[in-house]
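Spelled out from the first residue to the last, the chains are:
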Amino acid sequence: MAIKILITGTSGLVGFRILVSALVDGHSVVATVRSREKEGLIRNNPAIQKLSVGARLIIAVIPDMTIDGAFDSALEGVSHIIHTGSPVPVPTFEPRSQVYEPTIRISSSLLTSALKTPTVRRVVITSSIVTNLGLNPSPTVAVSSSTRIPPLDPVPASFANPMEAYILAKIAEIHNTERFIKTQKPHFSLSYIMPGHVFGRNELITKADMMFGQNSSNNFLMPGMIGGELPFPIHGAFVHVDDLADIHLGVAMMDSSSPRDFGIACTVDYSTIFDHVEKAFPEAVSAGVFKRGTVPVLPVNYSSTEMGELLGRELKSFEEAVVDVAGQYLENLGWNSA
Ligand SMILES: NC(=O)c1ccc[n+]([C@@H]2O[C@H](COP(=O)([O-])OP(=O)(O)OC[C@H]3O[C@@H](n4cnc5c(N)ncnc54)[C@H](OP(=O)(O)O)[C@@H]3O)[C@@H](O)[C@H]2O)c1
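All figures in this text were calculated on a predicted structure; none of them were measured in a lab.

Rules and cut-offs
Residues numbered from 1 in each chain as written. Predicted model: local features only at pLDDT ≥ 70, side-chain atom pairs only at ≥ 80, totals over all residues. Heavy atoms only, no water. Helix = DSSP H or I, 4+ residues; strand = E, 2+ residues; numbered from the N terminus. Buried < 20%, exposed > 50% of the residue type's maximum accessible area, 1.4 Å probe, protein only. Contact = heavy atoms within 4.5 Å. Pairing = 2+ DSSP bridges. Right-handed = clockwise from strand over helix to strand, strands pointing away. Near = heavy atom within 4 Å. Areas by Shrake-Rupley, 256 points an atom, 1.4 Å probe, with all protein chains shown as cover. Nonpolar A, V, L, I, M, F, W, Y, C, P; charged D, E, K, R; others polar. Axes fitted to C-alpha atoms, helices over the stretch in contact; angles between N-to-C directions.

Asker: Just give me the short version of the environment of His235, but keep the residues and values in it.
Answerer: By secondary structure assignment, the location of His235 is in strand β8 (residues 234-235). Relative accessible area serves as the criterion here: at 11%, His235 is assigned to the buried category. Residues His235 and Gly213, 22 residues apart in the sequence, show an inter-C-alpha distance of 19 Å. Contact partners of His235, with chain neighbours within four places excluded, come to Ile129, Val130, Leu133, Pro137, His197, Tyr270, Val297, Leu298 and Val300.

Below is the structure:
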């Protein structure tokens, strides 16, 4: 059944991939962006152009999504919401104003607008496994999407770095949402999705140099395949972006009696990155385009939700994700083995 979905974060890795899948599935989409420039990037992207979606794609430009009523008009006639539009920390971000505050204020503003919109039936919010793992996860204690870390009260005056602000914001966001549901008793149902690191092809990336700094979590894979070392460890848990997009749409279509939250994070060993690249692209390795590098891992013990039934297929492997990213890098370099 075709529906009208509002998707936030469509200028990002996860949101854009969901946008493409939603349009391929025949749905109408209201895609929110912060600027006309981002609207142009989405409309003119080859992955969108080739779908000839016409009036099924509306792009709502909302410069500040943190303010009350920001989503009111964009939600007109919308039945489903998928909210991925939230800061993913980069080292240059100011932790409070660019990570913590927008994370909690955008979802609050969105839920308040949804409460005023009788057509909304279902809301899906992209969180992260860090919401369940907290700041100092133990590799021996298993956590899942139902694990809750108490929010810090009061909120610290400052944060050590953008990643700390991100983790504490994700924790605060889910507690705020649970309080909202309890107190407001909304007419829609809501699920959170907690992914591990998301890897895979990103159609928004059109130049090789964008793959190192503008490609969300895919940035982290690059040192492992072009030599060098990622300067910090990352959680050893991942999901392929294609699976994550299908999971978001599948969870959005569930009825309200379904379990609420879903964690998607397969254990991964980053020391295999170069092996996967070498197997798929031996000529590029021989030519020195790819070199073995290091991506330090932070071991975690996360129980994923079984999603095979929802997807109707196996989850994609880490090898597929690495080969997708490496293949896109070669395309963007214009590299030709002939
Ligand atoms: N990538 C991962 O490994 C991963 C893992 C777990 C969870 N997640 C979650 O998945 C979601 C999407 O992540 P992603 O990988 O797609 O990140 P991304 O590529 O950095 O995209 C982030 C999206 O959010 C928007 N955004 C960021 N800050 C905003 C703000 N202050 N106001 C309005 N919009 C803002 C961005 O818009 P602009 O283009 O205008 O900046 C962009 O559309 C996030 O909630 C993230 O926490 C991601």
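Asker: An account of the pairing of strand β5 (residues 122-126) is needed here, citing residue identities and associated values.
Answerer: Buried residues dominate β5, accounting for 5 of its 5 residues. Both faces of β5 are covered, namely the face carrying Arg122, Val124 and Thr126 and the face carrying Val123 and Ile125. Pairing of strand β4 (residues 80-83) with β5 involves 4 bridges; the strand directions are parallel. The partner of Ile82 across the bridge, within β5, is Val124. For the segment spanning β4, helix α4 (residues 95-115) and β5, crossover handedness is right-handed. Pairing of β5 with strand β6 (residues 189-195) involves 5 bridges; the strand directions are parallel. Residue Thr126 lies in a different strand from β6, and its bridge partner there is Ile193.

Asker: An account of the site of the ligand is requested, with residue identities and associated values reported.
Answerer: Neighbouring the ligand are 26 residues; Ser11, Lys38, Tyr166, Ser216 and Ser217 lie closest to it. When the ligand is considered free in solution it has 890 Å² of accessible area, and contact with the protein chains removes 87% of it. Only α1 (13-24), α4, α6 (162-184) and β7 (197-199) provide two or more residues apiece to the shell around the ligand. Class assignment for the residues of the shell around the ligand results in 10 nonpolar, 13 polar and 3 charged.

Asker: Break down the sheet that holds β7 for me, with residues and values.
Answerer: In space, the 3 strands of this open sheet follow the order β7-β9-β11, with mixed pairing throughout. Two strands in the sheet have a free side with no partner beyond their single neighbour: β7 and β11 (266-267). Sitting on the sheet, helix α9 (residues 241-253) is in contact with β7 and β9 (237-240), with an inclination near 75 degrees to β9.

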